[in-house]
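Analysis of the macromolecular model
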Amino acid sequence: MAERRRGNGPGRKNRGQQDSFFDYTLLFIVLFLLAFGLVVLYSTSAYEGSLLKEPDPAYFLKKQMVSTVIGMAAMIVVANIPYHFWERFAVLGYLVSIILILLIIPFGVEANGAKRWLKIAGMSIQPAEVAKLGMILFLASLICRMGRKIRTGKGFFIVLMIPMPVSLLVWQVTENMSSAIIILGIAVLMLFVSCPDYKRFVLLGLAGAAVCALALFIIVNAADSGSLGVRGTRILAWLDPEAYASGKGFQTLQALYAIGSGGIWGKGLGKSVQKLGFLPEAQNDMIFSIICEELGLFGAIAIMLMFVLLIWRFMVIANNAPDLFGALLVVGVMGHIAIQVILNVAVVTNTIPNTGISLPFISYGGSAVLFLMIEIGIVLSVGRGIRLKDL
């Protein structure tokens, strides 16, 4: 981290001259999470890789490393571009997000039963990840332009409605409810730090809880009808996973077995049993359960503490950002990562229904890592805008 220069001599700056700030702590945390993620990914996916048509235990690791290297290069480039440069692309980012999601309908690539990707220049891109970044840029720009109008009921409602079209498209077109929830969560958090009227958020939270309770009541009472669909069955499997052990509850039960068998210290890195074909897609949404099995409660808490430190650094940069636009960008990125971590851990531990959501920086997923690194680059760019004055 940048420090104020003191002392006499030619190296001493004049009074009032400023040093630029760079958050090396944030960079170290991100690099640690990436390195840890690659190690755990190899441990988790080696068995699945050995079962491919062309067996390669490092298959998933190699693909993730390529995305990670590209993501780090993108982070370096973005970190060295003044963050206000991206403000002019805010509206474009919002529109491109919608267009990419709609392109999934005719041109989408299906994998593991889900049609959520587009092939662009030989790379698989998930439009939902583009939408998250586009939403952060657009809302930061919009809130700054609205100024005090955001405190009015009309302004509050406008900002709250902006992410709705994108969220609905992500939910319905890509059948990715978790990403739709994250996009809404990012908007609510950015609105929360911009609007001092907390009563509205209390009412919003109560309304959301009431809707969830009503939906849960309807699904439970319609359980015998046999017409619940995939999402309804997932909720019933969440309430009683053992009753759906051969269906929607299978993955959840296997994840809980992995967590329970790990104990406090774990079985040891690479010694997981559940990854040997018992836990489906272990390298994706359920990788946290393998961390618990191999590294135990100690390893799980350690990695959660790293995410807590990451959120803390975001808060430090946001509180000291040169302007509101920079602060909102950081808050948006913080909301994205924090919500995704909370939802992933909640799904793995069966605290909420299974929504299929990855663990940032650690789960397998090329486009997810790429856009996360771009977001980190934006945060570092905002941090570089902070100036520390000599005393």
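Owing to the predicted nature of the structure, the values given are computational and were not obtained by experimental measurement.

Criteria and cut-off values
- Residues numbered from 1 in each chain as written.
- Predicted model: local features only at pLDDT ≥ 70, side-chain atom pairs only at ≥ 80, totals over all residues.
- Heavy atoms only, no water.
- Helix = DSSP H or I, 4+ residues; strand = E, 2+ residues; numbered from the N terminus.
- Rg over C-alpha atoms; globule rule 2.2 N^0.38 Å.
- Buried < 20%, exposed > 50% of the residue type's maximum accessible area, 1.4 Å probe, protein only.
- Contact = heavy atoms within 4.5 Å.
- Areas by Shrake-Rupley, 256 points an atom, 1.4 Å probe, with all protein chains shown as cover.
- Lys, Arg positive; Asp, Glu negative; His and termini not counted.
- Charge placed at Lys NZ, Arg CZ, Asp CG, Glu CD.
- Pairing = 2+ DSSP bridges.
- Axes fitted to C-alpha atoms, helices over the stretch in contact; angles between N-to-C directions.
- Phe/Tyr/Trp six-rings, centres within 6.5 Å; stacked < 30°, edge-to-face > 60°.
- Parallel < 35°, antiparallel > 145°, perpendicular 65-115°, else oblique.
- Left-handed = near helix turned anticlockwise from the far one by under 90°.
- Nonpolar A, V, L, I, M, F, W, Y, C, P; charged D, E, K, R; others polar.
- pLDDT = per-residue confidence, 0-100.
- Polar contact = N/O pair within 3.5 Å; in protein donor to acceptor, adjacent residues only side chain to side chain.
- Core = buried A, V, L, I, M, F, W, Y, C linked by side-chain atoms within 4.5 Å.
- Expected span 1.5 Å × (residues − 1).
- Patch = residues over 30% accessible without salt bridge, like charges linked within 9 Å, V, L, I, M, F, W, Y side chains within 5 Å.
- Salt bridge = Lys/Arg side-chain N within 4 Å of Asp/Glu carboxyl O.

1. Here we look at the overall build of the chain
From N to C terminus, the chain includes 13 helices and five strands. The C-alpha radius of gyration computed for the chain amounts to 22 Å, which stays within 12% of the reference 21 Å derived for 391 residues, consistent with globular compactness. For the chain, the C-alpha atoms occupy an extent of roughly 75 × 50 × 40 Å along the three principal directions. Per-residue burial for the chain yields a buried fraction of 47% across its 391 residues. Counted over contacts in the chain with a minimum sequence separation of 6, partners at least 24 positions apart contribute 70%. Only carbon and sulfur atoms are counted for the fraction: they give 67% of the accessible area of the chain, which is about 19000 Å². Treating the 31 positive side-chain charges of the chain as one cloud and the 21 negative ones as another, the clouds have centres 12 Å apart.

2. As for the sheet that holds strand β3 (residues 114-120)
Pairing is antiparallel across the open sheet formed by three strands, whose spatial order is β2-β3-β4. Two strands close off the open sheet at either side, each with one partner strand: β2 (109-111) and β4 (123-125). Pairs of neighbouring strands in the sheet enclose a mean axial angle of 50°, with direction left out of account. Summarising the sheet, β3 and β4 pair through three bridges and their orientation is antiparallel. Within β4, the position partnered with Ile120 by the bridge is Met123.

3. Things to note about the packing of aromatic side chains
Taken as a whole and assessed by the stated rule, the structure comprises 14 aromatic pairs. Pairwise contacts between aromatic rings join Phe156, Phe192, Tyr198 and Phe201 into one cluster.

4. Remarks on the packing of helix α10 (residues 250-262) against helix α11 (residues 287-319)
Where α10 contacts α11, the axes come no closer than 7 Å and their chain directions differ by 20°. Between α10 and α11, the angle falls in the class roughly parallel. The two elements α10 and α11 cross, and the hand of that crossing is left-handed. Counting all contacts with α10, which are made through Ala255, Ala258, Ile259, Ser261 and Gly262, the residues of α11 involved are Ser289, Cys292, Glu293 and Gly296. Along the lines of polarity and charge, the residues of the contact of α10 with α11 split into four nonpolar, four polar and one charged.

5. What about the confidence of the model for the chain?
Residues with a pLDDT of 70 or more make up 92% of the chain, whose mean pLDDT is 87. Taken together, the stretch residues 1-17 has pLDDT below 50 and engages in 31 contacts with residues farther than four places along the chain or on a different chain.

6. Observations concerning the side chain of Ser45
Positionally, Ser45 belongs in helix α1 (residues 24-50). Looking at Ser45, the relative accessible area reads 0%, which means it is buried. Of note is the side chain of Ser45, whose polar atom sits 2.6 Å from the backbone oxygen of Leu41.

7. Quick word on the nonpolar core
Phe307, Leu310, Phe314, Ile337 and Phe361 are the most contacted members of the largest nonpolar core, which totals 103 residues. Top contributing element to this core by residue count: helix α12 (residues 324-348), with 15 residues. In contact with Ile337, other than residues within four places in its own chain, are Phe307, Leu310, Phe314, Pro360, Phe361, Leu372 and Ile376.

8. What about helix α13 (residues 366-384)?
Between the first and last C-alpha of α13 there are 27 Å, a value that for 19 residues agrees with the 27 Å anticipated at 1.5 Å per step. A large share of α13 lies buried, amounting to 17 of its 19 residues.

9. Considerations on a nonpolar patch on the surface
Side chains of Ile264, Trp265, Leu297, Phe298, Ile301, Leu305 and Val308 sit close together on the surface and give an oily, nonpolar patch of about 780 Å² of accessible area. Of note, Phe298 is situated in helix α11.

10. Some remarks on the pairing of β3
Along a regular strand, successive side chains alternate from one face of the sheet to the other. Of the pairings in the sheet, the one linking β2 to β3 comprises three bridges and is antiparallel in character. In the strand pairing of β3, Glu110 is matched with Lys115. Hairpin connection from β3 to β4: two residues lie between these consecutive antiparallel strands, with Ala121 at a positive phi of about 55°.

11. What about the packing of helix α4 (residues 127-146) against α13?
Contact geometry for α4 and α13: axes closest at 9 Å, N-to-C directions at 20°. Taken as axis vectors, α4 and α13 run roughly parallel relative to one another. Here α4 runs over α13; the crossing is right-handed. Between α4 and α13, the residues in contact are Glu129, Val130, Leu133, Ile136 and Leu137 and Ser367, Ala368, Phe371, Ile374, Glu375 and Ile378, respectively. Among the residues forming the contact of α4 with α13, the class breakdown is eight nonpolar, one polar and two charged.

12. Quick notes on the environment of Gly93
Checked against the element boundaries, Gly93 lands in helix α3 (residues 90-107). C-alpha separation for the pair Gly93 and Val379, spaced 286 residues apart in sequence, amounts to 18 Å.

13. Some details on the side chain of Asp23
Mapped onto the fold, Asp23 is located in the loop between β1 (18-20) and α1. Among the polar contacts listed, one links the side chain of Asp23 to the side chain of Arg313, at a separation of 2.9 Å.

14. Examining helix α7 (residues 177-194)
An ideal rise of 1.5 Å per residue puts 26 Å on 18 residues; α7 measures up with 26 Å between its terminal C-alpha atoms. For α7, the complete set of buried residues consists of Ser178, Ser179, Ala180, Ile182, Ile183, Gly185, Ile186, Ala187, Met190, Leu191 and Ser194. Where α7 is buried, its residues contact α4, α5 (153-161), α6 (164-173), α8 (198-221) and α12.

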